[in-house]
Amino acid sequence: LSADNVVSYYGTGDDLAIWHDGSNSNIENATGQLRIRGSYIFLRSQDAQETLAQFTVNGACELFYDDSKKLETTSGGAKVTGSAYITDGNIFLQKSGAHHHRILSNDAGNDLAFQQSADTGADTNFTTYLRIKDGGDISLPVDTKKLLFGAGDDLELWSDGINGVVRASQN
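Here is what the cut-offs are and how they apply
- Residues numbered from 1 in each chain as written.
- Predicted model: local features only at pLDDT ≥ 70, side-chain atom pairs only at ≥ 80, totals over all residues.
- Heavy atoms only, no water.
- Pairing = 2+ DSSP bridges.
- Helix = DSSP H or I, 4+ residues; strand = E, 2+ residues; numbered from the N terminus.
- Axes fitted to C-alpha atoms, helices over the stretch in contact; angles between N-to-C directions.
- Salt bridge = Lys/Arg side-chain N within 4 Å of Asp/Glu carboxyl O.
- Buried < 20%, exposed > 50% of the residue type's maximum accessible area, 1.4 Å probe, protein only.

1. Focus on the sheet that holds strand 3 (residues 25–29)
Reading across the sheet, the three strands line up as 1-2-3 and stay open at both edges, with antiparallel pairing between neighbours. Of all the strands in the sheet, the pair left with one neighbour each is strand 1 (8–10) and strand 3. Strand after strand, the sheet turns through a mean of 15 degrees between neighbouring axes, direction not considered. Pairing geometry for strand 2 (residues 16–20) and strand 3, over five bridges, is antiparallel. Paired with His20 across the two strands is Ser25, which belongs to strand 3.

2. A closer look at the pattern of salt bridges
Inspection of the entire model under this criterion finds five salt bridges. For Asp111, the salt bridge identified is with Arg131, shortest N-O distance 3.7 Å. Pair noted here: Asp111 is in strand 12 (residues 111–120) and Arg131 is in strand 13 (residues 126–132), with a separation of 20 residues, a long-range link. By relative accessible area, which is 8% here, Asp111 ends up buried. One salt-bridge network, held together by shared partners, links Glu62, Lys69 and Glu72.

Here it is as structure tokens:
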């Protein structure tokens, strides 16, 4: 047993130091990398009641907030749980009690689609309101939805289902 602030040194040049200062435990590496090795590394709270992070060889790296997984790597990228997450090249934006949104990277071929759920707080009933087509054309695929220009929406473009409409405000 050692008293507080007694440092144990390792390495020819005292490169690694480990000590307790009375309040905190410290590991200090003065050269190269500090490496922690294992096929499954699991970081837990001091009382072992809460998971902080998990790292698995050839698998996911997972980060937790208040013992709830919030970020993980996947074979396709990363997944964020909570207000936003990304999967298969798509972005999902969610907020409790609000319409959910998503951006799809391969909607209708190679198009990029911006969608909103008609159901509050649900991942159902999505409508594409904006589409950037493969090749660059921009589409508003829902009738009566306007493309607005200017700080005061001075110029409006839309389709009423039969005719194309252009309206400019008179100042």
